[in-house]
Amino acid sequence: MKIVVALGGNALGSNPLAQKELVKKTAVSLVNLIAAGQQLIIVHGNGPQVGMIKLAFQNQSLIDKSIPEMPFPECGAMSQGYIGYHLQNALKNELNKRKIKQEVSTVITQVIVDPADPAFKQPSKPIGAFYSQQEAANLKAEKGYQMREDAGRGYRRVVASPQPVDIVEKEIIKKLITSQQLVITCGGGGIPVIKENNILKGTAAVIDKDFASEKLAELVAADLLLILTAVDKVALNFGKPDQKWLDQLTIKEAEQYIKSGHFAPGSMLPKVKAAVQFVKHKKNNRALITSLAKAEQALAGKTGTSIINNN
Ligand code: ADP
Ligand code: MG
């Protein structure tokens, strides 16, 4: 089965040293699936990593004028590079250990977004440092940044979270998949680019990695979108006394529960939406939301939340 795997933050941890250790575990879980005959295409998140890179350059450029501020798309590219390296390293070691012959590579991936996407009118993702009200006003005037107060902690720049439209490197990704290579792609949802007069241009935005994974799964004609996160299943009334874990969700049920607000925006909501979108896209498409540790069991139908089309 061809599976696009979306790895959540808990597969990577929040700093480079912890990440280098944690990816070894991640690799064991993923190679278990490969050893069982599955073909994987791997996507990962990059929230803490891209935040750290952005902040490091921002803070250093304040005290040393020779250090430039790093634009956000470049920070995304850096995060794809070093997370890709960690995953490539851990996966290759695990494959070698089990004598599985498969090459592993990371594709630095640009994802096209639409400048007319309504998300650009309502930037919602805070990135980088915290500022005072005065600093925020200056940044807005000088650089045209959108600034917003963030939960009483100060002001931050906010960027849009547009939908992915297309993947620039899709043909390369398909070739690598066809030649049985293991590909890491669309890291952090991809580097958002806008196409104007046939020129691709990086833009400061954040594409949700769950939506990017869905787009990728469509483009490579995957059978399954496997979203691996910190919980084994999706719940109704999550965190409340009447919480109920779900084994299965039909598209109709999912859409109804989305409307009644069961899934938190920015965490579970994009996963359920991505799952619904993929299952709707083509007959026999399946989506599964579970934890990294339970991936194998979930594929065997023993746990996880399966999103199905019962029409
Ligand atoms: P990832 O890094 O994998 O994208 P997120 O933190 O963005 O992880 O999303 C997963 C989290 O969503 C879970 O750990 C859980 O705390 C939260 N969550 C919100 N609503 C639900 C729900 N209805 N069912 C299960 N988990 C939920
Ligand atoms: Mg998330």
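Rules behind the numbers
- Residues numbered from 1 in each chain as written.
- Chains lettered and ligands numbered in written order.
- Predicted model: local features only at pLDDT ≥ 70, side-chain atom pairs only at ≥ 80, totals over all residues.
- Heavy atoms only, no water.
- Near = heavy atom within 4 Å.
- Polar contact = N/O pair within 3.5 Å; in protein donor to acceptor, adjacent residues only side chain to side chain.
- Areas by Shrake-Rupley, 256 points an atom, 1.4 Å probe, with all protein chains shown as cover.
- Helix = DSSP H or I, 4+ residues; strand = E, 2+ residues; numbered from the N terminus.
- Buried < 20%, exposed > 50% of the residue type's maximum accessible area, 1.4 Å probe, protein only.
- UniProt positions renumbered as here; feature names shortened; annotations may be inferred.
- Pairing = 2+ DSSP bridges.
- Phe/Tyr/Trp six-rings, centres within 6.5 Å; stacked < 30°, edge-to-face > 60°.
- Lys NZ or Arg CZ within 6 Å of the ring centre and 35° of its normal.

Participant: Looking at this structure, how should I read the site of ligand 1?
Facilitator: Close to ligand 1 lie 17 residues, the nearest being Gly-9, Lys-209, Thr-229, Ala-235 and Lys-271. A distance of 2.6 Å is found between an oxygen atom of ligand 1 and a side-chain nitrogen or oxygen belonging to Thr-229. The contact in question runs from an oxygen atom of ligand 1 to an N or O atom on the side chain of Lys-271, over 2.5 Å. For ligand 1, the accessible surface in isolation is 580 Å², of which the surrounding protein chains cover 78%. Elements supplying a minimum of two residues to the shell around ligand 1: strand 13 (234–236) and helix 8 (268–281).

Participant: For this particular structure, what's the right way to read unusual backbone geometry?
Facilitator: Apart from glycine, the bulk of residues carry a negative phi angle, and the bulk of peptide bonds sit in the trans form. A positive phi angle is found at Asn-197, which is not glycine, with a value near 50 degrees. With respect to the helices and strands, the residue Asn-197 is situated in the loop between strand 10 (191–196) and strand 11 (199–202). On the basis of relative accessibility, which here comes to 76%, the residue Asn-197 falls in the exposed class.

Participant: Is there a simple way to explain the UniProt feature "domain: Aspartate/glutamate/uridylate kinase" (unreviewed entry) in the protein chain in this structure?
Facilitator: In the UniProt entry, the feature "domain: Aspartate/glutamate/uridylate kinase" (unreviewed entry) is given for residues 1–283. Spanning residues 1–283, this segment combines 41% helix with 22% strand, and its end C-alpha atoms are found 15 Å apart.

Participant: Would you take a moment to explain the pairing of strand 2 (residues 39–44) for this structure?
Facilitator: Taken residue by residue, a regular strand's side chains alternate between the two faces of the sheet. Burial of strand 2 is extensive: 6 of the 6 residues sit out of reach of the surface. Every second residue of strand 2 is oriented toward a common face, with Gln-39, Ile-41 and Val-43 on one face and Leu-40, Ile-42 and His-44 on the other, all of them buried. Judged from the 6 bridges that link them, strand 1 (residues 2–7) and strand 2 form a sheet pairing that is parallel. Residue pairing across strands places Ala-6 opposite Val-43, the latter belonging to strand 2. The pairing of strand 2 with strand 9 (residues 182–184) spans 2 bridges and is classified as parallel. Pairing of Ile-42 across the sheet is with Ile-184, part of strand 9.

Participant: Before we go on, may I ask you to explain the packing of aromatic side chains in this structure?
Facilitator: Each aromatic ring pair is specified by the distance between its two centres and by the angle formed by the two planes. Counted according to the given criterion, the structure contains 1 aromatic pair. Measuring from ring centre to ring centre gives 6.3 Å for Phe-238 and Trp-245, while their planes differ by 70 degrees; the resulting arrangement is edge-to-face. Phe-238 sits in the exposed class, given a relative accessible area of 52%. Taking the ring centre of Phe-130 as reference, the NZ or CZ of Arg-156 above it sits at 4.6 Å. The aromatic ring of Tyr-145 is capped on one face by Arg-157, whose charged end is 3.7 Å from the ring centroid.

Participant: Explanation requested: the sheet that holds strand 11 in the structure shown.
Facilitator: The strands making up a sheet associate through hydrogen bonds between their backbones, and the pairing can be parallel or antiparallel. Within the open sheet, the 4 strands sit side by side as 8-4-10-11. Their pairing is mixed. Only two strands of the sheet have a single partner each, and these edge strands are strand 8 (166–167) and strand 11. One ladder, built from 2 bridges, connects strand 4 (residues 110–112) with strand 8; its direction is antiparallel. The residue bridging Ile-112 from the neighbouring strand is Asp-166, located in strand 8.

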